[in-house]
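# Overview (structure and organization)
As a plain string of letters, each chain reads:
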Amino acid sequence: MGTIALGVRDNVAARFWGSTNGKKAVMAVTGLILFGFVMGHMLGNLQIFEGPVAFNDYAKFLRSVPLGLWLARIVLLTSVVLHVTASVQLVLRKRRARPVAYASKESIASTYASRTMYWSGPIILAFVIYHLLQFTFGVTGVPDYQEGEVYRNVVSGFGQPAIAIWYIVSMLLLCLHLRHGVWSMFQTLGVNHPRYTPILRHGATLFAVVVAIGFISIPVSVLFGWVS
Amino acid sequence: MRLTLHVWRQQGPRTKGRLVRYQMDNVDHEMSMLECLDVLNEELIGKGDEPIAFEHDCREGICGSCGFMINGVAHGPARATTVCQLTMRNFKDGDSLTIEPWRASAFPLIKDLVVDRRSFDRIVASGGYISVSTGNAPDANAILVPKDIADRAMDAAACIGCGACVAACPNASAALFTGAKISHLGVLPQGQPERHLRALSMVAQANLEGFGGCTNIGECTAVCPKEIPLEVIARMNRDYIAAALSQRDAEVNTIRPFTEWSTGSKLVNDPHATS
């Protein structure tokens, strides 16, 4: 078989991507990268509680190494594109795999978070796009946006209750998404052990809740005037 | 015990089906679900109606022939049972049961509650084997297998291929079945020579058959009559990823999916046909 000319299907990468298991592996790895970003972003954002000077300096520091910034952006953007493309293709496949729906179907073991990944995902994507337009490009959501005045922009943006609530709801969905995703990626990459998988499941819940509380603390603090 | 059954009736693969209501006034709580359908079928035959088609064989939960959805749960409300082991004492007087066949494009419907599960056979045929030398029978215990490994292989081998995992999965994925078959041979020393090719081939066949992808939600293992754990899916993924990354040639064994039946019409036309 080794002498056969390689077609598209004989290309190992194409075949890996072509299988559901391969797509899920890509989703697991990109999910891990995005989870790492979310953790770092959350911890960085908490510096807002150290006051305007520290927070603005942190923002300046992030942009001080353009190469690093663009490298991170490219990795993150590639991860998002792969993660979303794989999930869309898997949803389409799922529809084809059960053309006739059940008259009655019960879920008896799965978590709410795991069954709603296909809903939480797209809403989080919509949120990320809005979030970038709001705080990175300053196109919408911040009445008096000023490039580099990060602290002011955050306070001004979250000063509007509707925008703060949209942010909080999105973070709760992110919490759900991570609650399933963070342990599920281990399963997808082949790690499952009766001793460690329960720890991974609980760890995923813990991380998901910590991430959500960390992010939500900021708009809540702005709304209550603790950060102004 | 009085029960109302809503059973999926469908004449054939290409006709339209619907749920038909049957009232049963005399259900014994010691009957199994299949015996309940037997009683209903006797009644239907007595009235000159067509009986409900359902698959069954051993009626002791080890052959994997029977299975359908009862009120949205594969094999009904009792854990770790097939519908033939499900006794009617799991239901209450006056209950209403909705009975539907497994639903998946890889399990095309044949009639009523009977679906074509040959896609499972093809997954096994593509890689569910080991190579053995011919000649004299080898010495027993020539290859040492630790007890815990033998137990894990046996746990995975307990899969009877009933299809409940696919039926319960919101993605109609065959991950639990394929994982069980890959694990059962893959953990044993005898299964090592084909381990990578097996993972590649069986995964490729499951994908070819049109099953969905696994989202690790765990509905499959909850309805599995043999309680196959999700661990087998992780093992399949591990073997598949390792095989895909280390593979040196493009060798994969798959079988073309088919839905036609070879015997039926041939028997009518050819009196000398033996099968």
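Quick notes on the rules
- Residues numbered from 1 in each chain as written.
- Chains lettered and ligands numbered in written order.
- Predicted model: local features only at pLDDT ≥ 70, side-chain atom pairs only at ≥ 80, totals over all residues.
- Heavy atoms only, no water.
- Helix = DSSP H or I, 4+ residues; strand = E, 2+ residues; numbered from the N terminus.
- Buried < 20%, exposed > 50% of the residue type's maximum accessible area, 1.4 Å probe, protein only.
- Contact = heavy atoms within 4.5 Å.
- Areas by Shrake-Rupley, 256 points an atom, 1.4 Å probe, with all protein chains shown as cover.
- Lys, Arg positive; Asp, Glu negative; His and termini not counted.
- Charge placed at Lys NZ, Arg CZ, Asp CG, Glu CD.
- Buried area = accessible area lost by both parts, 1.4 Å probe.
- Salt bridge = Lys/Arg side-chain N within 4 Å of Asp/Glu carboxyl O.
- Polar contact = N/O pair within 3.5 Å; in protein donor to acceptor, adjacent residues only side chain to side chain.
- Nonpolar A, V, L, I, M, F, W, Y, C, P; charged D, E, K, R; others polar.
- Core = buried A, V, L, I, M, F, W, Y, C linked by side-chain atoms within 4.5 Å.
- Phe/Tyr/Trp six-rings, centres within 6.5 Å; stacked < 30°, edge-to-face > 60°.
- Lys NZ or Arg CZ within 6 Å of the ring centre and 35° of its normal.
- Domains from an automatic or database assignment.
- Arc of directions from axis to C-beta.
- Axes fitted to C-alpha atoms, helices over the stretch in contact; angles between N-to-C directions.
- Parallel < 35°, antiparallel > 145°, perpendicular 65-115°, else oblique.
- Left-handed = near helix turned anticlockwise from the far one by under 90°.

## Things to note about the overall build of chain B
The secondary structure content of chain B amounts to 9 helices and 7 strands. With the principal axes as the frame, chain B shows a C-alpha extent of 60 × 45 × 40 Å. Burial analysis of chain B (275 residues in total) assigns 53% to the buried set. Partitioning the intrachain contacts of chain B with sequence separation of at least 6 by distance along the chain shows that 70% fall at a separation of at least 24. Taken as a whole, chain B presents about 12,800 Å² of accessible surface, with 52% of it coming from carbon and sulfur.

## Let's talk about the overall build of chain A
From N to C terminus, chain A includes 9 helices and 0 strands. When its helices and strands are written in sequence order, chain A yields α-α-α-α-α-α-α-α-α. Projected onto its principal axes, the C-alpha positions of chain A cover 65 × 45 × 35 Å. Out of the 228 residues belonging to chain A, those deemed buried represent 41%. Restricting the contact set of chain A to residue pairs at least 6 apart, pairs at least 24 apart contribute 69%. In the form shown here, chain A has an accessible surface area of approximately 12,500 Å², with 72% of it arising from carbon and sulfur atoms. One way to put it: in chain A the 18 positive side-chain charges average out to a point 20 Å from where the 7 negative ones average out.

## Section: the interface of chain B and chain A
Between chain B and chain A, the residue contacts involve 49 residues of the former and 44 residues of the latter. Both faces combined, the contact of chain B with chain A buries some 3,700 Å², and carbon together with sulfur accounts for 52% of it. Considering only the surface of chain B that becomes buried against chain A, B:Arg103, B:Asn216 and B:Glu219 emerge as the three largest contributors, covering 16% of it. Counting every contact that joins chain B to chain A gives 0 salt bridges. Our count for the contact surface shared by chain B and chain A stands at 30 residue pairs in polar contact (both at pLDDT 80 or more). Ranked by residue count, the leading element in the side of chain B that touches chain A is helix α8 (residues 231-246) of chain B, at 9 residues. When its residues are assigned to classes, the side of chain B that touches chain A shows 28 nonpolar, 13 polar and 8 charged.

## Remarks on the nonpolar core
In terms of nonpolar packing, the biggest core is built from 89 residues, with A:Phe158, A:Val211, B:Phe120, B:Val166, B:Phe211 and B:Ile233 touching the most fellow members. Of all hydrophobic cores here, the second largest spans 30 residues; its members include B:Tyr22, B:Met88, B:Phe91 and B:Leu109.

## Considering the packing of aromatic side chains
Counted by the stated rule, this structure contains 13 aromatic pairs over all chains. Seen from their ring centres, A:Phe127 and A:Tyr167 are 5.4 Å apart, and the 70 degrees between their planes marks the pair as edge-to-face. Of the two residues, A:Phe127 is situated in helix α6 (residues 117-136) and A:Tyr167 in helix α8 (residues 161-188); the sequence distance between them amounts to 40 residues. Residue classification places A:Phe127 among the buried residues on the basis of a relative accessible area of 6%. The rings of A:Phe127, A:Tyr130, A:Phe135, A:Phe158, A:Trp166 and A:Tyr167 are connected pair by pair, giving a single aromatic cluster. The side chain of A:Arg73 reaches across the aromatic face of A:Trp70, ending 4.8 Å from its centre. Residue placement shows B:Arg103 over the ring face of B:Trp8; its charged tip is 4.2 Å from the ring centre.

## Points about the domain arrangement of chain B
Residue and element names in this part refer to chain B. Along its sequence, chain B is carved into domain 1 (3-110) and domain 2 (118-246). Computed from C-alpha coordinates alone, the two centres of domain 1 and domain 2 are separated by 29 Å. In this assembly, 18 residues from domain 1 lie in contact with 19 residues from domain 2. By the criterion of area lost to domain 2, the three top residues of domain 1 are Ala80, Ala106 and Phe107, representing 34% of everything that side buries. Summed over the shared surface of domain 1 and domain 2, the number is 0 salt bridges. Counting across the interface, domain 1 meets domain 2 through 4 residue pairs in polar contact (both at pLDDT 80 or more). Class assignment for the residues of the side of domain 1 that touches domain 2 results in 11 nonpolar, 6 polar and 1 charged.

## Things to note about the environment of B:Pro225
Residue and element names in this part refer to chain B. Tracing the sequence through the fold places Pro225 in the loop between α7 (219-223) and α8. Sequence separation between Pro225 and Ile182 is 43 residues; the distance between their C-alpha atoms is 18 Å. Pro225 has contacts with His75, Ala80, Thr81, Thr82, Ile160, Cys162 and Ala164, leaving out every residue within four places of it along the chain.

## So, helix α3 (residues 52-62) of chain A
For the α-helix, the turn length of 3.6 residues means that residues three or four positions removed from each other point alike. Residues and elements named next belong to chain A. Of all the positions in α3, only Phe55, Asn56, Tyr58 and Ala59 are classed as buried. Each buried residue of α3 sits inside an arc of 155 degrees when the element is viewed along its axis, so together they form one side. When the buried face of α3 is taken as reference, the exposed residues oriented beyond 90 degrees from it are Val53, Lys60 and Phe61. Buried residues belonging to α3 abut α2 (20-45) and α7 (150-158).

## With respect to the pattern of salt bridges
All names here are of chain B. For the structure shown, the criterion picks out 12 salt bridges over all chains. A salt bridge links Lys111 to Glu50; its shortest N-O distance comes to 2.2 Å. Residue Lys111 is located in strand β6 (residues 109-111), and its partner Glu50 is located in the loop between α1 (33-46) and β3 (69-70); the two are separated by 61 residues in the primary sequence. Where Glu55 meets Arg117, a salt bridge forms, and the shortest distance between an N and an O atom there is 3.1 Å.

## Some thoughts on the packing of helix α4 (residues 66-97) of chain A against α6(A)
Residue and element names in this part refer to chain A. Packing of α4 against α6 leaves a shortest axis separation of 11 Å and a crossing angle of 150 degrees. Taken together, the axes of α4 and α6 lie roughly antiparallel to each other. The two elements α4 and α6 meet at a crossing, and its hand is left-handed. Of α6, the residues touching α4 (which contributes Arg73, Val80, Val84, Ser87, Leu90, Val91 and Lys94) are Tyr118, Leu125 and Thr136. Counted by class, the contact of α4 with α6 contains 6 nonpolar, 2 polar and 2 charged residues.

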